[in-house]
Amino acid sequence: MVRITVHDVHRALIRIYEQGYRFGQRFVYLRGTPIHDKADESQSGIEEKINYILFDKPNVGANHPTVNSAKVLQEGHHSMVALAYIEMNRLSNTPPIIPHNGGTFLGSEITHFVQIIEGSTAYRFDTRTKLLGQAQHFSNITTLLAMK
């Protein structure tokens, strides 16, 4: 099974932004299911998506990424990072799935940062500079998710 780090996710995010895509979500989970009120089994992390795509790991699933006409990722953003990582590291001979112009949320916000969350630690990826900020530790994920 593939194990990745925050720095692997950072490189994949840079690749995604270089391709002209932008995020409509502020959070991505490196691995595991987040522990908070809104979590369910479908909210697994990027590492799980990579392993699902490569090895068909059960009980995970990978949403097909969708974007709106402005190339804002709206669904399947964990899968998009997973696909970028797989392509960058040549882990599969299958070409990556290019998102359809099928986003359904016309008014998606464009985020200025993406938090890469591992456990209760968050790293901030600045979408303008493409730099990765220092880790911040939170007592619980609910506190982190409540921050704007």
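Please refer to the structure higher up on the page.
Remember, predicted model here, so these are calculated numbers, not experimental data. (Residues numbered from 1 in each chain as written. Predicted model: local features only at pLDDT ≥ 70, side-chain atom pairs only at ≥ 80, totals over all residues. Heavy atoms only, no water.)

J.: Whenever I open this one, the sheet that holds strand E2 (residues 27-29) confuses me. Can you help?
T.: Hydrogen bonds between backbone groups are what pair the strands of a sheet, and the pairing can be parallel or antiparallel. Taken together, the four strands give an open sheet; going across it, the order is E2-E5-E6-E7, and neighbouring strands pair in mixed fashion. With partners counted over all chains shown, the strands left at the sheet margins are E2 and strand E7 (136-137), one partner each. Pairing of strand E5 (residues 113-118) with strand E6 (residues 121-126), which is carried by six bridges, proceeds in the antiparallel orientation. Counterpart to Glu 118 in the pairing with E6 is Thr 121. Its contacts with the sheet place helix H1 (residues 6-18) against E2, E5 and E6, and it is angled at close to 155 degrees to E5. (Pairing = 2+ DSSP bridges. Helix = DSSP H or I, 4+ residues; strand = E, 2+ residues; numbered from the N terminus. Contact = heavy atoms within 4.5 Å. Axes fitted to C-alpha atoms, helices over the stretch in contact; angles between N-to-C directions.)

J.: What is the right way to read the nonpolar core from this model?
T.: In globular proteins that are soluble, nonpolar side chains generally tend to be buried together. Judged by nonpolar contacts, the single largest core of 25 residues is most densely connected at Val 9 and Phe 23. Within the residue set of this core, elements represented by two or more residues are H1, helix H2 (46-55), helix H3 (77-88) and E5. If we skip the residues at most four places from it in the chain, Phe 23 touches Leu 13, Ile 16, Tyr 17, Val 28, Val 72, Leu 73, His 77, Val 81, Glu 109, Ile 110, Thr 111 and Val 114. The next biggest cluster of nonpolar side chains, apart from the first, holds seven residues, and it includes Phe 27, Ile 117, Ala 122 and Phe 138. (Core = buried A, V, L, I, M, F, W, Y, C linked by side-chain atoms within 4.5 Å. Buried < 20%, exposed > 50% of the residue type's maximum accessible area, 1.4 Å probe, protein only.)

J.: Just to check I follow, could you spell out the pattern of salt bridges for this structure?
T.: A side chain of one charge can pair with a side chain of the opposite charge when the charged atoms of the two come close. Per the counting criterion, the structure on display carries five salt bridges. Here Arg 3 makes a salt bridge to Glu 47, at a shortest N to O gap of 2.8 Å. Note that Arg 3 is positioned in the segment before H1 and Glu 47 in helix H2, a separation of 44 residues in sequence. Under the relative-accessibility criterion, Glu 47 is labelled buried at 4%. The residue Asp 8 makes a salt bridge to Arg 11 at a minimum N-O spacing of 2.4 Å. With a gap of three residues between them, Asp 8 and Arg 11 both fall in helix H1, about one helical turn apart. Residue classification places Arg 11 among the partly exposed positions, given a relative accessible area of 43%. Each of Arg 3, Arg 31, Glu 47 and Glu 118 takes part in one network of salt bridges that share partners. (Salt bridge = Lys/Arg side-chain N within 4 Å of Asp/Glu carboxyl O.)

J.: I tried to follow the side chain of Glu 47 on my own but got confused; where do I start?
T.: Within the structure, the side chain of Glu 47 is placed 2.8 Å from the side chain of Arg 3, a separation counted as a polar contact. Within the structure, Glu 47 has its side chain in polar contact with the backbone nitrogen of Ile 4 (distance 2.9 Å). If near-sequence neighbours (up to four positions away) are discounted, Glu 47 is found in contact with Val 2, Arg 3, Ile 4, Leu 30 and Arg 31. (Polar contact = N/O pair within 3.5 Å; in protein donor to acceptor, adjacent residues only side chain to side chain.)

J.: Is there a simple way to think about unusual backbone geometry in this case?
T.: Working note: non-glycine residues mostly have negative phi, and peptide bonds are mostly trans. Unlike most non-glycine residues, Arg 90 shows phi in positive territory, near 50 degrees. Along the chain, Arg 90 falls in the loop between H3 and E5. Judged by relative accessible area, which is 73%, Arg 90 ranks as exposed. Positive phi values are uncommon outside glycine, yet Lys 130 reaches one of about 70 degrees. Note that Lys 130 resides in the loop between E6 and E7.

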